[in-house]
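# Fold and geometry: a report
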Amino acid sequence: MSLKLKKHQEGGVPVELLLAKGGEVEGFSLALGGSAAAPVDAYMNATQPAPGVIVFSRAFYAANAAGEQVPFTLRKRYEFKEGEYMFRLSVTVESANGSVPRMGDGEYAYTLKIGPQIGPAYDQLPKNADWRKIVTYEGDKRKVIKPGVQTAPASKASWSAISGKYFALIVLPDATSYTATYTNTVADAKPLTSSMAFSRPSLGASTQTDVFHIYAGPKQSKELARYDDPTANSFKRAGDDLEGVLEGNNILGWLETLLKWSLNFFYGLVPNYGVAIILVTILVRLIMFPLTFKGSQSTARMAELQPKIQEMQAKYKNNPQKLNQEMADFYKKEGYNPLSGCLPMLIQFPIFIAMYSLFNNHFDLRGASFIAGWINDLSLPESVYDFNTINLVIWRVSAIRILPIVYVLSQLAYGRFMQQQPATGQNAGQMKFMMYGMPIMFFFILYDVPSGLLVYWIASNVLTTLQQIVINEVVHKKRKAAAAAEPAPQPKIVPIKGGKGGGKKGRS
């Protein structure tokens, strides 16, 4: 069986959502019995009674209550509709003589198996490129199933999904009390099997039809949300909450949504996501300017106060308590708060986290190019040369990348102009680490992150540095102008002691 998405390409061909295992594609197979039963491999009759409808059927034999072998028909009916990523799968068991067939293992009549794996095809799945996980949705809550094999009542979950970074296969069963088996095995850091099985209890009627609605498509809000509105989809589905399969539904989800909206808005103006990222960065800086402006003024003010601070540090270098008191008095006298520049820096972290989630999960960034031949996919790390992975114990490297180097340079420039405390005295070591050690440490941390995230951070560093240079110049000019406007100090006249005339008379 094959299930290809014509609108989405992988290597120039449509994405195949059903991957083979051992050379065979199981897809949506049926097994007579529980989840451990082997899939039925008998050839079935195929018919197409209507456009978009395909029916597979075959006659089997099973004992009835009297122990007689009676024929029954097992039928799978697929119903596809134009423009839909969802399709309907109906499984029908129909007895030939009206008796109830005791098919299966006595506990379960049959099991519908989905898997063993969804596409696109892969040789390995590094975390920043793609992944596979099993997600269920129960009581308006999203749950990620832990790796391994887990059995649960599927009736408690409104849907279950095999989810990748960009595509998902979501199964919405009917109200039957199925038992679900979720299998998600990993070896050598590569998902081998991500499959689901829905086992149906023994039959209670001579004819039984079970219905599954299955979404097989991209993890895009606009597509998933259609199944919350019965007027927006051909199956008249409502309230399915399929957007629960999306990543990023966390405490910063609202911020990620705003950033995504802004990114798409700018992309509509300039059809290049790299340029759109830079424009979003400019927008973020403009919105944050009232907060960052005060911090930048504080940084500029500190640059002017450093000579006096260094004098005090040298004067009281052997008396830390006296130095702290003098510094506190000095800051109070100058009207300077040394913590005033911290708030803008703290605000950056939630934005960075939301951006990281956005670049990892935003479907439209899949394959989005910025600079052809270099940054070909903003959702992946860029590289100028790839090679076999070298394990350096604390760091595994498989490519030479330019953006992390540019990031370090931009961070060093940022630190140079944003430094608020003089790098002398007791805090010299800490300041040097913040200026040089942190960028180098983050070079390794961010080496394999999506290139879009580094484009954002580099642009943010450049804009902040330019802003600080301008504010330093403005503050410096204002201080000079204020100093020039002050009246020159008048020399004090000290009277000479003595009699009239300003001195004593004496003999020559």
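Thresholds applied
- Residues numbered from 1 in each chain as written.
- Predicted model: local features only at pLDDT ≥ 70, side-chain atom pairs only at ≥ 80, totals over all residues.
- Heavy atoms only, no water.
- Helix = DSSP H or I, 4+ residues; strand = E, 2+ residues; numbered from the N terminus.
- Buried < 20%, exposed > 50% of the residue type's maximum accessible area, 1.4 Å probe, protein only.
- Contact = heavy atoms within 4.5 Å.
- Areas by Shrake-Rupley, 256 points an atom, 1.4 Å probe, with all protein chains shown as cover.
- Core = buried A, V, L, I, M, F, W, Y, C linked by side-chain atoms within 4.5 Å.
- Pairing = 2+ DSSP bridges.
- Expected span 1.5 Å × (residues − 1).
- Axes fitted to C-alpha atoms, helices over the stretch in contact; angles between N-to-C directions.
- Phe/Tyr/Trp six-rings, centres within 6.5 Å; stacked < 30°, edge-to-face > 60°.
- Polar contact = N/O pair within 3.5 Å; in protein donor to acceptor, adjacent residues only side chain to side chain.

### Quick notes on the overall build of the protein chain
When helices and strands are tallied, the protein chain shows eight helices and 18 strands. In the protein chain, which comprises 508 residues, the proportion classed as buried is 45%. When contacts within the protein chain are restricted to residue pairs at least 6 apart in sequence, those whose partners lie at least 24 apart make up 67%. A total accessible area of about 27600 Å² is found for the protein chain, and carbon and sulfur atoms account for 58% of it.

### Regarding the nonpolar core
The biggest cluster of nonpolar side chains holds 56 residues, and the ones touching the most others in it are F28, W159, L169, I170, F212 and L242. At six residues, strand β13 (residues 167-173) tops the list of elements feeding residues into this core. With sequence-adjacent residues up to four places away left out, F212 is seen in contact with F87, R88, L89, V91, Y110, L112, V171, L172, P173, Y178 and F198. Among the nonpolar cores identified, the runner-up in size contains 37 residues, and Y273, M288, I375 and I458 belong to it.

### Quick look at unusual backbone geometry
Of note, the amide linkage connecting G115 to P116 takes the cis form, showing an omega dihedral of 20°. The topology assignment puts P116 in the loop between β8 (108-115) and β9 (132-138). A cis amide bond links G119 to the next residue, P120, at an omega of 5°. Positive phi, normally seen in glycine, also occurs at D140, with a value near 65°. Positionally, D140 belongs in the loop between β9 and β10 (141-145). For D140, a relative accessible area of 60% corresponds to the exposed category. Of note in the backbone geometry, D241 takes a positive phi value of approximately 55° without being a glycine. Take D241: it is sitting in the loop between α1 (221-224) and α2 (253-269).

### Some words on the pairing of strand β7 (residues 86-95)
Burial analysis of β7 places eight of its ten residues in the buried class, which makes it a mostly covered element. Once strand β6 (residues 69-80) ends, the chain turns through five residues before running back antiparallel as β7, passing G83 with a positive phi of about 80°.

### Section: α2
The terminal C-alpha atoms of α2 lie 25 Å apart, and with 17 residues this matches the ideal 24 Å at 1.5 Å per residue to within 8%. Every buried residue of α2 is accounted for by G253, L255, E256, L259, S262, L263 and F266.

### A few points about the sheet that holds β7
A sheet is described by the order of its strands in space; here nine strands give the open sequence β4-β5-β6-β7-β16-β13-β12-β9-β10, paired in antiparallel fashion. Each edge of the sheet is formed by a strand with only one pairing partner; in this case those strands are β4 (45-50) and β10. Along the sheet, successive strands turn relative to each other by an average axial angle of 25°, direction set aside. Sheet analysis places β13 next to strand β16 (residues 207-218), joined by seven bridges and oriented antiparallel. Bridge assignment links L169 to a residue of β16, and that residue is A216.

### Observations concerning the side chain of S195
Tracing the chain through its elements places S195 in strand β15 (residues 190-201). Residue S195 is classed as buried on the basis of its relative accessible area, which comes to 14%. Beyond its immediate chain neighbours, meaning those up to four positions away, S195 contacts I114, G115, P116, I134, I162, T181, Y182 and T183.

### Concerning the packing of aromatic side chains
For the structure shown, the criterion picks out 26 aromatic pairs. For the pair Y78 and F87, a centre-to-centre distance of 6.2 Å together with 40° between the ring planes defines the contact as tilted. Assigned by exposure class, Y78 and F87 land together as buried. Ring plane angle 80° and centroid distance 5.9 Å describe the contact between Y166 and F363, whose orientation is recorded as edge-to-face. Of the two residues, Y166 sits in the loop between β12 (159-164) and β13 while F363 sits in the loop between α5 (342-361) and β17 (385-391), which places them 197 residues apart along the sequence. Residue Y166 is classed as buried on the basis of its relative accessible area, which comes to 6%. The structure contains a cluster of three or more aromatic residues connected by ring pairs, namely F28, F56, Y78, F80 and F87.

### Considerations on the side chain of T181
Its place among the elements puts T181 in strand β14 (residues 179-187). Judged by its relative accessible area of 10%, T181 is buried. Among the polar contacts made by the side chain of T181, one reaches the side chain of S35 at a distance of 3.5 Å. What T181 contacts, discounting residues up to four positions off in sequence, is S35, V149, Q150, T151, S195, M196 and A197.

### Notes on the environment of A66
Structurally, the position occupied by A66 is in the loop between β5 (53-63) and β6. Through-space distance from the C-alpha of A66 to that of S99 is 9.5 Å; in sequence the pair is 33 residues apart.

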